[in-house]
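What follows is the residue order along each chain.
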Amino acid sequence: MKHHLPPYLFFLLLSAAAVAEGGEVLSVEGFEIHLAGVNEREKKVAEVLIDLSQKHDLSPWLFINRVRIESGVIPHSHPILTLNTRYIEKSTQLLAVFLHEQIHWFLAAPENRKQMKDALSELRRMYPEVPNARNGGAASDYSTYLHLLVNWLEFDALSKLLGQSEAQEVIAKRDIYEWIYGRVLEDSSQLKSIATRHDLRIAHECR
């Protein structure tokens, strides 16, 4: 069982040395949180993320152990997993974004290259036409097909951590990739089959 420690105790672990980009570092079980500007919003998001890591076993979804928090940026996975401060008051949305970016690292792993190629080919057959970003897709057709996998795996992770009903609520409130998240909810069984068939499911074993 995980022991919940008050978040303020983790802030006592703030590194005295600044990292290359000028922020400070918090050590959390399984990963590090790097604060870009060490402002109060970034510290608050770090506190929420720490709290989530204490409430839930996130270890199956940790594919990169460095997380950066920076106000005003768009969350992204590479080259460093970076979160912004938008969901400072919405912990389940922050959890969704964190899982989403970690899953990008999982799918980008060299050992998954062949499985990804085959899965994307199947998704193209399943959805021969996909919308552009303005209409709920991603920045390109390739990114839209990729996000059908990323977003379904995000939903799968949330279902395991929060339960399916709450996971559905979180996904329904995501305000990006609306068409893709719609497919995740409506075509969940088909997307699950594709991920399973191509060995792209993420194993989950609670500690």
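Note that the coordinates shown come from a computational prediction; the quantities given were computed from them, not determined experimentally.

Let us look at empty space enclosed by the protein. Counted under the stated rule, the structure contains 1 cavity of 30 Å³ or more. Of the volumes computed, that of the largest cavity is approximately 30 Å³. Taken together, the residues of the lining of the largest cavity sort by class into 5 nonpolar, 1 polar and 1 charged.

This part takes up the packing of helix α2 (residues 40–55) against helix α3 (residues 91–108). Relative orientation of the contacting elements α2 and α3 amounts to 80°, with a least axis distance of 10 Å. The pairing of α2 with α3 is recorded here as roughly perpendicular in orientation. Listed contacts from α3 to V45, V48, L49 and L52 of α2 are S91, L94, L95 and F98. For the contact of α2 with α3, a count of residues per class yields 7 nonpolar, 1 polar and no charged.

Here the focus is the layout of surface pockets. Here the idea is plain: a probe the size of a water molecule rolls over the atoms and shows the empty space left. Put simply, the largest pocket is a space of about 300 Å³. Lining the largest pocket we find 15 residues, and of these I74, P75, E101, I176 and Y177 sit closest to its centre. If you tally residues by element for the lining of the largest pocket, the top one is α3, at 4 residues.

The tally for this structure, following the rule as stated, stands at 10 salt bridges. Residues D156 and K160 are paired through a salt bridge, measuring 3.1 Å at the closest nitrogen-oxygen approach. Of the two residues, D156 and K160 both sit in helix α5 (residues 141–162), 4 residues apart, roughly one turn of that helix. Using a relative accessible area of 31% as the deciding quantity, one classes K160 as partly exposed. The salt bridge involving R183 is made with D187; its shortest N-O contact spans 3.3 Å. Three or more residues joined by partner-sharing salt bridges are found here, namely D156, K160 and R201.

Conventions we followed
- Residues numbered from 1 in each chain as written.
- Predicted model: local features only at pLDDT ≥ 70, side-chain atom pairs only at ≥ 80, totals over all residues.
- Heavy atoms only, no water.
- 1 Å grid on protein atoms, 1.4 Å probe; cavity = no way out; pocket = protein on both sides within 12 Å on 5 of 7 lines; lining within 4 Å.
- Points joined across faces, edges and corners; volume = space filled by probe spheres on them.
- Nonpolar A, V, L, I, M, F, W, Y, C, P; charged D, E, K, R; others polar.
- Axes fitted to C-alpha atoms, helices over the stretch in contact; angles between N-to-C directions.
- Helix = DSSP H or I, 4+ residues; strand = E, 2+ residues; numbered from the N terminus.
- Parallel < 35°, antiparallel > 145°, perpendicular 65-115°, else oblique.
- Contact = heavy atoms within 4.5 Å.
- Salt bridge = Lys/Arg side-chain N within 4 Å of Asp/Glu carboxyl O.
- Buried < 20%, exposed > 50% of the residue type's maximum accessible area, 1.4 Å probe, protein only.

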